[in-house]
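# Descriptive analysis of the structure
Residues per chain are reported as follows:
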Amino acid sequence: MISQYDRKSHKVSHYSANACLAPLVSLHGKAVTTIEGVGSARTRLHAVQERIVRAHGSQCGFCTPGMVMSMYTLLRNDPQPDMSNVLQYLSGNLCRCTGYRPILEGFRTLTKEAQGPCGRKNCCRLNGTSSSTSKDDEITPQTTTINTTDAGNRHSLPHENGALEEDLTQVDHLFDPSEFEPYDPSQEVIFPPELKIRPDLDTESLQFVGPRVTFFRPNNLQHLLAIKDLYPNAKIVTGNTEIGVEVKSKKRLCPVLVNPTSVPELIEVQIDDLGVTVGASVTLTALENTLRKIVDSKPEHKCRGFAAILEMLQWFASKQIRNVAALGGNIMTASPISDLNPLLMACGAQLQLQTERSKRRIKIDGSFFTGYRRTAVSLNEILVSVHLPYTNKDDHVVAYKQARRRTDDIAIVTGAMRVTFHPGTHVTRNLTLAFGGMADRSVLATKTMSALQGRPWDASVMDVASPMLLEDLPLDPWAPGGKVEYRRVLSLSLFFKFFLRIKGELSKTLPTVVPPLTSSELAVSQVYQERPYQSTQLFQKVNKNQDPLDPIGRPVVHAGARFHATGEATYVDDIPSMMNELQAALVLSTRAHAYIRSLDASRALALTGVVRVVSASDIPADRNVTGVEERDEEVFAGGRVHHVGQVVALVLATDLNTARRATTLVRVTYEDIKPAIITLKDAIREKSWWDPPRLLRKGDTEAALSDSAHVVEGELHIGGQEHFYLEPQGSLAVPHENDEMEMFVTTQNPTFVQEKVASVLDVPWNRVTVRVKRIGGGFGGKETRIITHALAVAVAAKMMNRPVRCVLDREEDMSLTGTRHPFFVKWKAGVSSEGVLTAVRMFLYANAGYSLDLSTSVVDKGLLSCDNCYRCPNIELSGFTCRTNLASNTAFRGFGGPQVTLAVEDMMERIANSLGMDPTLMREKNMYHPGDFTFYNQLLPDFTGRRCLNQVMSQADYTKRRLLVDSFNRESRYKKRGLAATPIKFGFSFFDIHLNQAGALVHIYKDGSVLVSHAGMEMGQGLFTKMIQVASRVLEVPMEKIHTPETSTALVPNTSPTAASISSDVNGMAVLKACQTLRERLRPYREQNPKGRWEKWVVQAYNDRVSLSATALYKIPGITNFDFEKNEGQPFSYFSCGAAVSEVELDTLTGDHEVLRTDIVMDVGESLNPAIDIGQIEGAFMQGLGLLTLEELRFSNSGVLLTRGPGAYKIPGFDDIPKEFNVSLLRDSPNPKAVYSSKAVGEPPLLLATAVFLALRDAVAARRKDFGLKEDFQLNSPATVERLRLACKDHLSEQVPKIEQGSFAPWDVTV
Ligand SMILES: Cc1cc2nc3c(=O)[nH]c(=O)nc-3n(C[C@H](O)[C@H](O)[C@H](O)COP(=O)(O)OP(=O)(O)OC[C@H]3O[C@@H](n4cnc5c(N)ncnc54)[C@H](O)[C@@H]3O)c2cc1C
Ligand code: FES
């Protein structure tokens, strides 16, 4: 948070900003508050920190300080904000773990909507009755309405349909807001008085001179112009949000930077009779505030352009960016996908330009942008201000932006349109139609503009405009940015929306000439309106006889949350620098498949601070080899590279910036090897897979297919997914005496790292200790791919005999560490006339990347997921692990299960459609019953899929809502709704039987405190918390006495990865056994002195020389190796089921959509900790929603990942959560196979997002039906705005010429 004193208003204002983009020197004279200045776990948590902790809003904790700081900044500006402010302030924050709901609920207690201090409508502090004894409290589920648009609209589930009695035993609260300390703004830290009394700090002229960059802050226009005259190439930086990205990502050097924020002319706003003149360095937030005031105070017709700018600013980047970025920066960047430039063209904005010797005023029109990121402004000119004129009564201005994600994303296409009518008529006098995203610059559709001039605003407008727009806005099939057909369709769709919007406006003033819009036209012509959020969480209460100190089954807060929320939690990059430490940066391959012909590090070595460049030539060839299931990888690429982003060398330097800079100076020459196989299509064509393909059969599929009443065929491509854990991978290797190497690593798999490091260093395992305190999210991505850099770091540390640290930046991490496997699935299914499956044949192709890693197991898991919840007597499966020239793809939550579950559910839907049958009926007819066997002959003794599906459909009122959705779709032409219900089944255990074990080591110290160590590591999933709960129950000591500091190979050896969802199961049982041993040892002392204290028993046992330390090993019983050829074995220990109902609304003109409501019922057995389990369900569901609707990995056809970093790769944000989100844990479902009857929960809920995908498909089908298209269609995953729009054929999309694939090299390819 940056705080600044305004010397005119004498007020302090606070704003949040992205630390990575704010130049340190730009903070001169301002106060900066970081998380450390807000509150501390050592002293007192701030109200914001307390909320996020106790509302369970922190899992891995890596995003938590950012969340706290955004909310804290808001409170500092407005101590009682409303929820729409909260969403605005959080618009630039991302979380990959929680699913956002608990964060919003925690922060909601600080808003106006919370109504009373405790957040309840009937707060005792408002009405004088105690909320804890309120009858309401006993029966009301934790239903939270997070209303961003109005104050009420409370709506609760599932009690509407009469399930109230059941709720009495099931309902509970995940947290109790009445326990929160009220927020007291008077206790906040004051603004530093010294900054208040020193105006010179703001106004003095400054010059900071660094070794590579000089930064000026002139304090008057003349000085600014003089600097620009002296250094024409100097960059003017206000927010640095454009330049900063170029410097960081593109490694661009800007030797002279000039910050004009102390030049009055550039930061002033002047309002006069003609409009408003805005200084070029006025921030977008300030612009927003100014325009809002004008719009609120002036006649509506004068402010139509300003209103359009305000609408657009709502979707422009994030609050953090808008707080610092300036209007001038957006104009001068001249990005072809700028949001504001087309709008400024439409508004008739004029620019004031100035040099030391001249001044001129020009209009932003069709000639202003002269090329890609080029303008008519000359090098030595400064943009001083922008004049925005008022509109008049006959002017109308509207702008639309379509991006992949609604908030904080750059546009795919922006359309800003203005029409002026002859006074009092609907005949056009003038038009400006400006577009972004349709060329290498913002452009005007000039032919369309003139063709529409003088026309009445009636149906003929579309007939004239559509072909003209296509002519005005051509795009080559290979145009940068791709999505060519979609962009062209969008240009028509956005114009159509404009046409409707203006028609609607005219109908108000000329009702006899222009008919009013129909409700469906009205709905689609408006810009997106926020809806309120609401949610419910239901879980079973613990037995009323349970000891109040026994934490099992209670929503206990994550053990690390207080440290996450205060920034005190330590991750690898937070470990303080060691003496002599070196920083490492990676030299990555730029070719997908090539021989390395030479490597020249001389220029890098010449850089001051560079100590060494390490490459394959520095280690013996046999120790350069590594791998996961095979020895098929190298620590440093030796003779050959196999993908873009492979590690070729490591630069060691005394600081990170130097190391990173030096990587660009290492010259590697390559000779390409043909072919480079990038896509699954390439791999299938070249038969590039690890032999032999895996086959699995039951029955006689061929015969059954020929005997089936109906045979249906289809295929589906499911894209991969970047893990996007918030903490990138990193390692710190510290060499010690006698060949010891201590490794601090972001891994889910410490023993694996120990083994691989020992191998490359050629030392016994006992010399390598791997320590993991926590990691900032893993999701499978940190299970094995850590070897891509950790081994190189260990080699370098040993070679230099100095500590070496390497923390990847986001782009490196994304290039190097692989993703979820993209899958291509082909299927053929036979069904009876009643819709009963008779046979299924499926081919699964997984894009594994260049090495095997865990891909065989991923494909195996996919094969064993091919039934999802359905019986089929004849099944024939083939699984192909395809070898390509991509980074090695790897484990990711669900491990092949999500891709194949989607394919199966898509198949069920398409079969049902082809039979004209209700898909839910089709599912019901084919679903397993308890006691059935799977097609791989495993018994399902307690299959709960039917219960989950029935319960969720009843809770969600599916049948009634199906009718409502159908009726909505009959009425609504352009917006369509979709509804889907899907069940899931997920089997647990590692396929490698030996991995299904865990060890624990428990010490009791003489003061009675307990140290629990086990094989699992903490990555946000709450494992440490659950293990402490288990130990607390067994030992009967409060949780506060138990601690787990870290996971270390020196504490518990030979650990399995923390993966496959079973870590609580196996570690829980190991901890339980070790604690039972200790309890038995202490039993005599308890029995002798039953009223005594725990500490006393412990001391007595110690004095008697009883061991107070115990180990235990737990192995999962009953599982056996699965033989795919014979279809024999017991691959899974048990199964978990769940079901979801989702309803979506789709704008069929653009593909924009939102999830209106999702209901989930999930079987987690008897939950060890409902808060953690519900957190896992919500987080996994949101990750699944990202996988299936949003997250798109785009590669160039030469294998370069184009979507590196958060700017190009979008994970779900706050705005993407279902507007109503109801999660219930299935009641009365104890699991005899895991600790305290619980079930694993980490992965399965991700599969529930299938319901969202199918609901979107349902909505598309409704639109296609209107257009007379009833036949089957293929919608690949992710169902992006592009795919959805193109699947909705209509009168607009049909006008866009189809692109003939194969006739050109596209900008990007589907891998
Ligand atoms: C996370 C993120 C999200 C973004 N989202 C969006 C979005 O949704 N929509 C969108 O349109 N853009 C977006 N952007 C781009 C960027 O934020 C905007 O273009 C912003 O307005 C740039 O302003 P700035 O002050 O930060 O520019 P700076 O980086 O400070 O400067 C940008 C360029 O303009 C030149 N310049 C600045 N002022 C002057 C002047 N007075 N005279 C001459 N030249 C000048 C600079 O020399 C430089 O070349 C995003 C950027 C980021 C990092
Ligand atoms: S808790 Fe938000 S990213 Fe992990």
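Residues numbered from 1 in each chain as written. Chains lettered and ligands numbered in written order. Predicted model: local features only at pLDDT ≥ 70, side-chain atom pairs only at ≥ 80, totals over all residues. Heavy atoms only, no water.

### Some remarks on the overall build of the protein
Applicable threshold: Per the convention used, a helix needs a DSSP run of H or I reaching at least four residues, while a strand needs a run of E reaching at least two, with both numbered from the N terminus. Within these notes, the globule rule equals 2.2 Å times the number of residues to the 0.38 power, and the radius of gyration is based on C-alpha atoms. The contact definition used throughout considers only heavy atoms, calling two residues in contact when any of these lie within 4.5 Å. To measure how exposed things are, a 1.4 Å probe is used in the Shrake-Rupley method; for residues, cover is taken only from the protein chains shown. Residues scored as positive are Lys and Arg, those scored as negative are Asp and Glu, and His as well as the terminal groups of each chain are ignored. Each charge is placed at NZ for Lys, CZ for Arg, CG for Asp and CD for Glu.
Secondary structure assignment for the protein yields 40 helices and 46 strands. Its C-alpha atoms give the protein a radius of gyration of 31 Å, near enough to 34 Å, the size a compact globule of 1311 residues would have. Dimensions of the protein, computed from the C-alpha atoms along their principal axes, are close to 95 × 80 × 75 Å. Long-range pairs, those at least 24 residues apart, make up 77% of the contacts in the protein with a sequence separation of at least 6. Only carbon and sulfur atoms are counted for the fraction: they give 51% of the accessible area of the protein, which is about 48000 Å². Treating the 146 positive side-chain charges of the protein as one cloud and the 147 negative ones as another, the clouds have centres 3 Å apart.

### Observations regarding helix α13 (residues 284–297)
Basically, it comes down to this: Here a helix's expected span is defined as the number of its residues, less one, multiplied by 1.5 Å. When accessible area is computed with a 1.4 Å probe and restricted to protein chains, residues below 20% of their type maximum are described as buried, those above 50% as exposed, and intermediate ones as partly exposed.
Between its terminal C-alpha atoms α13 stretches 20 Å, which fits the 20 Å expected from 14 residues at 1.5 Å a residue. Of all the residues in α13, the buried ones are Leu284, Thr285, Leu287, Glu288, Thr290, Leu291 and Ile294.

### Observations concerning the sheet that holds strand β9 (residues 269–271)
For clarity, the threshold we go by: Note: two strands are recorded as paired if DSSP finds a minimum of 2 bridges between them. Comment: axis = line fitted to C-alpha atoms, over the contacting stretch for helices; angle = value between 0 and 180 degrees taken between N-to-C directions.
Judged by pairing direction, the sheet is antiparallel, and its five strands sit side by side in the order β9-β10-β15-β11-β12 without closing on themselves. A single partner strand is all that each edge strand has here, and the edge strands are β9 and β12 (359–363). On average, each strand axis in the sheet is tilted by 20 degrees relative to the strand beside it, whichever way the strands run. Examined bridge by bridge, strand β11 (residues 350–354) and β12 share five bridges and lie antiparallel to one another. Its bridge partner being in β12, Leu353 is matched across the sheet by Arg360.

### Topic: the sheet that holds strand β2 (residues 11–15)
Pairing is antiparallel in the open sheet, where three strands are placed in the order β2-β1-β3. A strand with exactly one partner marks an edge of an open sheet, and here the two such strands are β2 and β3 (31–32). Summarising the sheet, strand β1 (residues 2–6) and β2 pair through five bridges and their orientation is antiparallel. Directly across from Tyr5, in β2, lies its bridge partner Val12.

### A short note on the pairing of strand β31 (residues 730–735)
Most of β31 sits inside the fold, with six of its six residues counted as buried. Neither face of β31 is exposed, since Gly730, Leu732 and Val734 on one face and Ser731, Ala733 and Pro735 on the opposite face are all buried. When β31 meets strand β34 (residues 804–807), the two strands line up antiparallel, connected through four bridges. Considered in β34, the bridge of Ser731 is made with Cys806. The sheet contact formed by β31 and strand β32 (residues 741–745) spans five bridges and is antiparallel. Paired with Pro735 across the bridge in β32 is Met741. What sits between the antiparallel neighbours β31 and β32 is a turn of five residues, in which Asn738 has the positive phi angle 55 degrees.

### Looking at helix α24 (residues 656–663)
Quick note on the threshold: This arc corresponds to the set of directions leading from the helix axis out to the C-beta atoms. We call two N or O atoms a polar contact when they sit within 3.5 Å, provided that within protein one can donate a hydrogen and the other can accept it, with sequence-adjacent residues counted only if both atoms are side-chain atoms.
Every buried residue of α24 is accounted for by Thr658, Ala659, Ala662 and Thr663. The arc that holds every buried residue of α24, seen down its axis, measures 140 degrees, which confines them to one face. On the buried face of α24, the contacting elements are β21 (582–588), α23 (602–605), β23 (610–615) and β27 (647–653). Where α24 begins, the side chain of Asp655 points an oxygen toward the backbone nitrogen of Asn657, at a separation of 3.3 Å.

### A short note on the pairing of strand β5 (residues 206–209)
Successive residues of a regular strand alternate their side chains across the two faces of the sheet. Where β5 and strand β6 (residues 214–217) come together, four bridges link them in antiparallel fashion. Opposite Phe208, over in β6, you have Phe215 as the bridge partner. Connecting β5 to the antiparallel partner β6 that follows it, the hairpin turn spans four residues.

### So, empty space enclosed by the protein
The cut-off we apply is this: Here a cavity is any set of points on a 1 Å grid over the protein atoms alone where a 1.4 Å probe fits but cannot get out, and a pocket is any open set with protein on both sides within 12 Å along at least 5 of 7 lines; a residue lines the site when it has an atom within 4 Å of a point. Grid points are joined across faces, edges and corners, and a volume is the space filled by probe spheres set on the points. Note that Gly is not counted as nonpolar here; it falls among the polar residues with everything else outside the nonpolar set of Ala, Val, Leu, Ile, Met, Phe, Trp, Tyr, Cys and Pro and the charged set of Asp, Glu, Lys and Arg.
Within this structure, the stated rule accounts for twelve cavities of 30 Å³ or more. For the largest cavity, the calculated volume is near 370 Å³. If you go around the largest cavity, you meet 26 residues; those closest to its centre are Lys401, Gln402, Val527, Tyr528 and Asp1152. If you tally residues by element for the lining of the largest cavity, the top one is strand β16 (residues 395–403), at five residues. Residue composition of the lining of the largest cavity, grouped by class: eleven nonpolar, four polar and eleven charged.

### Comments concerning unusual backbone geometry
Omega for the bond connecting Asp691 with Pro692 falls within 30 degrees of zero, at -20 degrees, which places this linkage in the cis form. Relative to the elements of secondary structure, Pro692 occurs in the loop between α25 (680–686) and β29 (694–698). Following Ser1277, the chain continues to Pro1278 via a peptide bond in cis, the omega torsion being 0 degrees. The topology assignment puts Pro1278 in the loop between α39 (1250–1266) and α40 (1281–1287). Its identity as a non-glycine residue notwithstanding, Ala1060 has a phi of 60 degrees, on the positive side. Mapping Ala1060 onto the fold places it in the loop between β42 (1047–1048) and α36 (1063–1088).

### Considerations on the site of ligand 1
The condition that has to hold: We call a residue near a molecule or strand as soon as one heavy atom of that residue lies within 4 Å of the molecule or strand.
Within the structure, ligand 1 sits among 29 residues, and Ile236, Gly239, Thr241, Asp339 and Leu383 are positioned closest to it. Between an oxygen atom of ligand 1 and a main-chain N or O atom of Ala317, the distance comes to 2.9 Å. Protein chains shield 89% of the accessible area of ligand 1, which is 980 Å² for the free molecule. Counting residues per element, the ones that place at least two in the shell around ligand 1 are β7 (235–236), α11 (243–249), α16 (327–333) and β15 (382–389).

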